[in-house]
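Spelled out from the first residue to the last, the chains are:
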Amino acid sequence: DVKVTQSSRYLVKRTGEKVFLECVQDMDHENMFWYRQDPGLGLRLIYFSYDVKMKEKGDIPEGYSVSREKKERFSLILESASTNQTSMYLCASSYRLYNEQFFGPGTRLTVL
Amino acid sequence: ELKVEQNPLFLSMQEGKNYTIYCNYSTTSDRLYWYRQDPGKSLESLFVLLSNGAVKQEGRLMASLDTKARLSTLHITAAVHDLSATYFCAVVEGGSQGNLIFGKGTKLSVKP
């Protein structure tokens, strides 16, 4: 079974802090994705990566950056957290871009 | 730009009734996925539809794809409370090679 894990289920941070969210997949997938999910807005793609050290902006990249140093690991970085980044963050991976995505359990981030 | 619309966005059903959730998309695609999300949990893959006329069934759920009409349906037969969840469709952008674009989700509540 594909397994996608995220470093934290719940996280509380203060405004201005630097925040790291980590995602690891164990199926040798080429592609990894970061989404945020907010009520009424569905899933919005922040960034995705199609190979090590390669990244593409999604629909809402502002205020975020990403890092993919190893194939299995994809990190989302909030350089200076703000209250409007309070959200559920979901990581996913897939073999090809057009293949089914497998999701991690999610990280609920609260920025105070 | 591919747009994916689900309707209804909210659905309250009685147990034992049938209903259909619709997923319309705006540009050509021949790959579509359905996901389920339980409250507070992540997304789980339900169905993968890979060609025009594809039909998949599992238990009380049946999904179909009509690529000519740019429409997929998720039909619920004799609903039970356990089916209460949010259901998302996701369509491959650019026909069959691009990224997945998600609908906003349909929140289904099945009441006794």
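Here, every reference points to the structure presented above.
Description of the structure in this document. Keep in mind that this is a model prediction, so the values were computed, not measured.

## So, the pattern of salt bridges
Evaluation of the coordinates by the stated rule reveals nine salt bridges over all chains. Salt-bridge contacts for Glu79(A) lead to Lys18(A); the nearest nitrogen and oxygen are separated by 3.5 Å. Of this pair, Glu79(A) sits in the loop between β8 (73–78) and β9 (87–94) while Lys18(A) sits in the loop between β2 (10–13) and β3 (19–25), and the two are 61 residues apart along the sequence. Overall, the relative accessible area of 44% leaves Lys18(A) in the partly exposed class. With a closest N to O distance of 3.8 Å, Glu1(B) and Lys3(B) form a salt bridge. Under the relative-accessibility criterion, Glu1(B) is labelled exposed at 77%. Residues joined by salt bridges that share partners form a network here, namely Asp28(A), Glu30(A) and Lys71(A).

## Digging into the environment of Leu49(B)
Residues and elements named next belong to chain B. Assignment of secondary structure puts Leu-49 in strand β5 (residues 43–49). By relative accessible area, Leu-49 is classed as buried at 0%. Between the alpha carbons of Leu-49 and Arg-31 there is a distance of 5.8 Å; along the sequence they are 18 residues apart. For Leu-49, the residues in contact, after removing those within four places along its chain, are Asp-30, Arg-31, Leu-32, Trp-34, Ala-54, Val-55, Lys-56, Ala-63, Ser-64, Leu-65 and Ser-72.

## Topic: the sheet that holds strand β1 (residues 4–6) of chain A
Residue and element names in this part refer to chain A. A sheet is described by the order of its strands in space; here four strands give the open sequence β1-β3-β8-β7, paired in antiparallel fashion. In the strand order of this sheet, the two ends are held by β1 and β7 (65–70), each with one partner. Strand after strand, the sheet turns through a mean of 20 degrees between neighbouring axes, direction not considered.

## Description of the state of the cysteines
All names here are of chain B. A full pass over the atoms with the stated rule returns two disulfides over all chains. In this model, Cys-23 is linked to Cys-89 through a disulfide, with the two sulfur atoms separated by 2.0 Å. With the S-S bond torsion at 80 degrees, the cross-link from Cys-23 to Cys-89 turns out right-handed. Separated by 66 residues along the polypeptide, Cys-23 in strand β3 (residues 19–25) and Cys-89 in strand β9 (residues 85–92) bring together distant segments of the chain. Residue classification places Cys-23 among the buried residues on the basis of a relative accessible area of 0%.

## As for the sheet that holds strand β7 (residues 61–66) of chain B
Residues and elements named next belong to chain B. Taking strand neighbours across the sheet as the criterion, the five strands line up as β1-β3-β8-β7-β6 in an open arrangement whose pairing is antiparallel. Looking at the sheet topology across the chains shown, the edges are occupied by β1 (4–7) and β6 (55–58). Going across the sheet, the axis of each strand differs from the next one's by a mean of 15 degrees, ignoring polarity. Pairing analysis gives six bridges linking β7 to strand β8 (residues 71–76), with the strands arranged antiparallel. What sits directly across from Leu-65, in β8, is Ser-72.

## Here's the deal with unusual backbone geometry
In the segment running from Asn7(B) into Pro8(B), the intervening peptide bond is cis, with an omega of 0 degrees. We note that Lys53(A) has phi near 65 degrees; this positive angle belongs to a residue other than glycine. One can find Lys53(A) in the loop between β5 (42–51) and β6 (54–57). Residue Lys53(A) is classed as exposed on the basis of its relative accessible area of 56%. Not every positive phi belongs to a glycine, and Ala78(B) is a case in point at roughly 50 degrees. By the element assignment, Ala78(B) lies in the loop between β8 and β9.

Rules of the game
Residues numbered from 1 in each chain as written. Chains lettered and ligands numbered in written order. Predicted model: local features only at pLDDT ≥ 70, side-chain atom pairs only at ≥ 80, totals over all residues. Heavy atoms only, no water. Salt bridge = Lys/Arg side-chain N within 4 Å of Asp/Glu carboxyl O. Helix = DSSP H or I, 4+ residues; strand = E, 2+ residues; numbered from the N terminus. Buried < 20%, exposed > 50% of the residue type's maximum accessible area, 1.4 Å probe, protein only. Contact = heavy atoms within 4.5 Å. Pairing = 2+ DSSP bridges. Axes fitted to C-alpha atoms, helices over the stretch in contact; angles between N-to-C directions. Disulfide = S-S within 2.5 Å.

It is worth stressing that arrangement in space is one thing and function is another; only the former is reported here.
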